[in-house]
Amino acid sequence: MLIDWLTLRTKISDLQESELLELIPYLAKMEITNLSNDQVIQTKLVIDIDAVRSDFQGLVWSISSNGRDKYLNIGGSPASIENGSNLFGSGDYQHCKKIIIKHAQKALRGCLVPSSNWHPRRIDITQNYYLQSRTQVKDALHMLRASDGMRQKSTVKGDSIYWGESSKYRKGKAYDKHTQAKELIKRAEKLNKTPPYTP
């Protein structure tokens, strides 16, 4: 099991005025980084950071409000930042939190509050299952087509099964990761960032 995506937030009132002024140019942005040398490839505006896919490689940040308080949100894939792909990673929340904050400190030039002031806003968890053959994978997916999650109806698109696809709070997806896994392993090997596989 690994944390595939983590979005953290802190109240802007926790930031010093000088730190806040430094954040103004960043408002709602997505930064794509070259994992081999940590150089920024591209920075662009993004409206809804919760709509960013969990396999995105880079950092996303925004300032938001719930009507009372304003928040700085930072998010990314801890596994992609640490290992070069989201295929292997950690399920340890504190470890993943440190990775996101450390990466954000570089991108936002260090103007961040202590780790204890950051709280989770979105956590995507991935569980990979290794089956002996592609036939077993297809059989498992076929059986899952008829299953429903907790108050969540399943829908099928191609070879993928989704639960709670339109929910803002809880979603699920099952699919054959074979082709994607092979590509991600090759990419990570090129960057010398392939972690040891532990079942």
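Residues numbered from 1 in each chain as written. Predicted model: local features only at pLDDT ≥ 70, side-chain atom pairs only at ≥ 80, totals over all residues. Heavy atoms only, no water.

*Asks:* I keep staring at the side chain of Thr10 and nothing clicks. Help me out?
*Replies:* Considering the arrangement of structural elements, one finds Thr10 in strand S1 (residues 2-11). By relative accessible area, which is 1% here, Thr10 ends up buried. (Helix = DSSP H or I, 4+ residues; strand = E, 2+ residues; numbered from the N terminus. Buried < 20%, exposed > 50% of the residue type's maximum accessible area, 1.4 Å probe, protein only.)

*Asks:* Teacher, can you tell me more about helix H3 (residues 93-107) here?
*Replies:* Residues separated by three or four positions in an α-helix point in the same direction, a consequence of the helix having 3.6 residues per turn. The end-to-end C-alpha separation of H3 is 21 Å, in line with the 21 Å expected for 15 residues at 1.5 Å each. Among the residues making up H3, those that are buried are Cys96, Lys97, Ile99, Ile100, Ile101, His103, Ala104 and Ala107. Capping of H3 at its N-terminal end is provided by Asp92; its side-chain oxygen lies 2.9 Å from the backbone amide nitrogen of Gln94. (Expected span 1.5 Å × (residues − 1). Polar contact = N/O pair within 3.5 Å; in protein donor to acceptor, adjacent residues only side chain to side chain.)

*Asks:* What should I look at first to understand the environment of Gly158 in this one?
*Replies:* Topologically, Gly158 is positioned in the loop between strand S7 (154-157) and strand S8 (160-163). Taking relative accessible area as the criterion, Gly158 reaches 58% and is therefore assigned exposed. Considered as a pair, Gly158 and Tyr175 are 17 residues apart in the sequence and their alpha carbons are 9.4 Å apart.

*Asks:* I would appreciate a short explanation of the pattern of salt bridges in the present structure.
*Replies:* Two side chains bearing opposite charge may form a pair once their charged atoms approach each other closely. Counted according to the given criterion, the structure contains three salt bridges. Between Lys11 and Asp69 there is a salt bridge, and its shortest N-O distance comes to 3.8 Å. Within this pair, whereas Lys11 is found in strand S1, its partner Asp69 is found in the loop between strand S4 (59-65) and strand S5 (70-76), the two being separated by 58 residues in sequence. Residue Asp124 pairs with Arg122 through a salt bridge whose shortest N-O separation is 2.8 Å. (Salt bridge = Lys/Arg side-chain N within 4 Å of Asp/Glu carboxyl O.)

*Asks:* I keep staring at the packing of aromatic side chains and nothing clicks. Help me out?
*Replies:* Considering all chains together, one arrives at zero aromatic pairs under this definition. Against the face of Tyr71 rests Arg9, its NZ or CZ located 3.9 Å from the ring centre. In this structure, Lys157 packs its charged tip against the face of Tyr162, placed 5.8 Å from the ring centre. (Phe/Tyr/Trp six-rings, centres within 6.5 Å; stacked < 30°, edge-to-face > 60°. Lys NZ or Arg CZ within 6 Å of the ring centre and 35° of its normal.)

*Asks:* Help me out: how do you make sense of the nonpolar core in this one?
*Replies:* Note on soluble globular proteins: their nonpolar side chains tend to be buried together. Membership of the largest hydrophobic core comes to 18 residues, with the highest contact counts inside it found for Leu6, Leu8, Trp61, Ile74, Ile100 and Trp118. With six residues, H3 is the single largest residue contributor to this core. Beyond its immediate sequence surroundings of up to four residues, Ile74 is in contact with Leu6, Thr7, Leu8, Val60, Trp61, Ile100, Ile101, Ala104, Leu108 and Trp118. (Core = buried A, V, L, I, M, F, W, Y, C linked by side-chain atoms within 4.5 Å. Contact = heavy atoms within 4.5 Å.)

*Asks:* Even after reading the chapter, I still don't get the pairing of S4, so can you show me in this structure?
*Replies:* Looking along a regular strand, one sees the side chains alternate between the two faces of the sheet. As paired elements, S4 and S5 share seven bridges and run antiparallel to each other. For Leu59, the partnering residue across the bridge sits in S5 and is Gly76. Linkage of S4 to S5, two consecutive antiparallel strands, is achieved through a turn of four residues, within which Gly67 is found at a positive phi near 100 degrees. (Pairing = 2+ DSSP bridges.)

*Asks:* Looking at this structure, I do not really get the sheet that holds S7. What am I missing?
*Replies:* By definition, the strands of a sheet pair up through backbone hydrogen bonds, in either a parallel or an antiparallel sense. Spatially, S7-S8-S9 is the arrangement adopted by the three strands of the open sheet, whose pairing is antiparallel. Edge strands, defined here as strands with exactly one partner in the open sheet, are S7 and strand S9 (172-174). With strand direction ignored, the average angle separating the axes of adjacent strands in the sheet is 20 degrees. As paired elements, S8 and S9 share three bridges and run antiparallel to each other. (Axes fitted to C-alpha atoms, helices over the stretch in contact; angles between N-to-C directions.)

*Asks:* Would you mind going over the environment of Pro114 with me for this structure?
*Replies:* Residue position: Pro114 is located in the loop between H3 and strand S6 (119-126). Along the primary structure Pro114 and Thr10 are separated by 104 residues, whereas in three dimensions their C-alpha atoms are 9.8 Å apart.

*Asks:* Just checking my understanding: could you explain a nonpolar patch on the surface for this structure?
*Replies:* A surface patch of nonpolar side chains, about 310 Å² in accessible area, is lined by Met1, Ile123 and Ile125. Note that Ile123 resides in strand S6. On the basis of relative accessible area, Ile123 is assigned to the partly exposed category, the value being 40%. (Patch = residues over 30% accessible without salt bridge, like charges linked within 9 Å, V, L, I, M, F, W, Y side chains within 5 Å. Areas by Shrake-Rupley, 256 points an atom, 1.4 Å probe, with all protein chains shown as cover.)

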